[in-house]
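What follows is the residue order along each chain.
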Amino acid sequence: QLQLMESGGGSVLAGESLTLSCTASGSAFGINNMGWFRQSPGKTREMVAMLGNGVARYANSVKGRFTITRNMETMTINLQMNHLKPADTAVYSCTFSNWNAEATWGPGTPVPVSS
């Protein structure tokens, strides 16, 4: 019943900024972790940023450049991405998980970064 949808993806030049959003619909009962993953061409999917129990965690490759925020009133999470690099090129997906570690995923949004 819980569904997620990303928005805000698109082509960007290296050095520019972009903000992704993820909005949940349906029941979010029991959600305690939410965040963003990405999968680059030829690479495995990796965690980018996660929020759990009010604590934000980031991949080392994006620390200092990306910021994850949430709005519990609208059940929305955002990813502010600054100083983008070609290595950030990936399909970005949002995820919510509950107390039983059951995860719901959005379909993903592509972010191609060109030099």
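Heads up: these notes are all about the structure in this document. (Residues numbered from 1 in each chain as written. Predicted model: local features only at pLDDT ≥ 70, side-chain atom pairs only at ≥ 80, totals over all residues. Heavy atoms only, no water.)

**Some thoughts on the overall build of the chain**
Thought 1: Scanning the chain for helices and strands turns up zero helices and 12 strands.
Thought 2: Each helix and strand of the chain, ordered N terminal to C terminal, gives the series β-β-β-β-β-β-β-β-β-β-β-β.
Thought 3: In terms of overall dimensions, the chain has C-alpha extents of about 40 × 25 × 25 Å along its principal axes.
Thought 4: Of all 115 residues assigned to the chain, the portion counted as buried reaches 42%.
Thought 5: Summarising the internal contacts of the chain: among those between residues at least 6 apart in sequence, 54% fall at separations of at least 24.
Thought 6: Accessible surface for the chain amounts to roughly 6,300 Å². Of this, 50% is attributable to carbon and sulfur atoms.
Thought 7: Distance between charge centres in the chain, computed from 8 positive and 6 negative side chains, equals 10 Å. (Helix = DSSP H or I, 4+ residues; strand = E, 2+ residues; numbered from the N terminus. Buried < 20%, exposed > 50% of the residue type's maximum accessible area, 1.4 Å probe, protein only. Contact = heavy atoms within 4.5 Å. Areas by Shrake-Rupley, 256 points an atom, 1.4 Å probe, with all protein chains shown as cover. Lys, Arg positive; Asp, Glu negative; His and termini not counted. Charge placed at Lys NZ, Arg CZ, Asp CG, Glu CD.)

**Points about the pattern of salt bridges**
Thought 1: Per the counting criterion, the structure on display carries three salt bridges.
Thought 2: Between Arg38 and Glu46 there is a salt bridge whose closest N-O contact spans 2.8 Å.
Thought 3: For Arg38, a relative accessible area of 4% translates into the label buried.
Thought 4: With relative accessibility at 30%, the residue Glu46 sits in the partly exposed group. (Salt bridge = Lys/Arg side-chain N within 4 Å of Asp/Glu carboxyl O.)

**Some remarks on the state of the cysteines**
What makes a disulfide is a covalent bond joining the sulfur atoms belonging to two cysteines.
Thought 1: Overall, the coordinates contain one disulfide when judged by the stated rule.
Thought 2: Here Cys22 engages in a disulfide with Cys94; their sulfurs sit 2.1 Å apart. Across the S-S bond linking Cys22 and Cys94, the dihedral sits near 60°, which makes this disulfide right-handed. Of the two residues, Cys22 sits in strand 3 (residues 18-25) while Cys94 sits in strand 9 (residues 90-98), which places them 72 residues apart along the sequence. (Disulfide = S-S within 2.5 Å.)

**Considerations on the pairing of strand 9**
Thought 1: Counting buried positions along strand 9 yields eight of nine residues, so the element is predominantly enclosed.
Thought 2: By the bridge criterion, eight bridges tie strand 4 (residues 31-39) to strand 9 in an arrangement that is antiparallel. What sits directly across from Gly35, in strand 9, is Thr95.
Thought 3: Where strand 9 lies against strand 10 (residues 103-105), three bridges are found, and the strand directions are antiparallel. (Pairing = 2+ DSSP bridges.)

**Quick look at the nonpolar core**
Thought 1: Membership of the largest hydrophobic core comes to 28 residues, with the highest contact counts inside it found for Trp36, Leu79, Met81, Tyr92 and Phe96.
Thought 2: Those elements that place two or more of their residues in this core are strand 3, strand 4, strand 5 (46-52), strand 7 (66-71), strand 8 (76-81) and strand 9.
Thought 3: Setting aside residues no more than four positions away along its own chain, Leu79 makes contact with Leu18, Thr19, Leu20, Trp36, Val48, Ala49, Phe66, Thr67, Ile68 and Tyr92. (Core = buried A, V, L, I, M, F, W, Y, C linked by side-chain atoms within 4.5 Å.)

**Overview of the packing of aromatic side chains**
Thought 1: Evaluated as defined, the whole model comprises one aromatic pair.
Thought 2: With centroids separated by 5.1 Å and ring planes inclined at 70°, the aromatic side chains of Phe37 and Trp105 adopt a geometry described as edge-to-face. Linking Phe37 in strand 4 with Trp105 in strand 10, this pair joins segments that are 68 residues apart in sequence.
Thought 3: Residue Trp105 is classed as partly exposed on the basis of its relative accessible area, which comes to 31%.
Thought 4: Taking the ring centre of Trp105 as reference, the NZ or CZ of Arg45 above it sits at 3.8 Å. (Phe/Tyr/Trp six-rings, centres within 6.5 Å; stacked < 30°, edge-to-face > 60°. Lys NZ or Arg CZ within 6 Å of the ring centre and 35° of its normal.)

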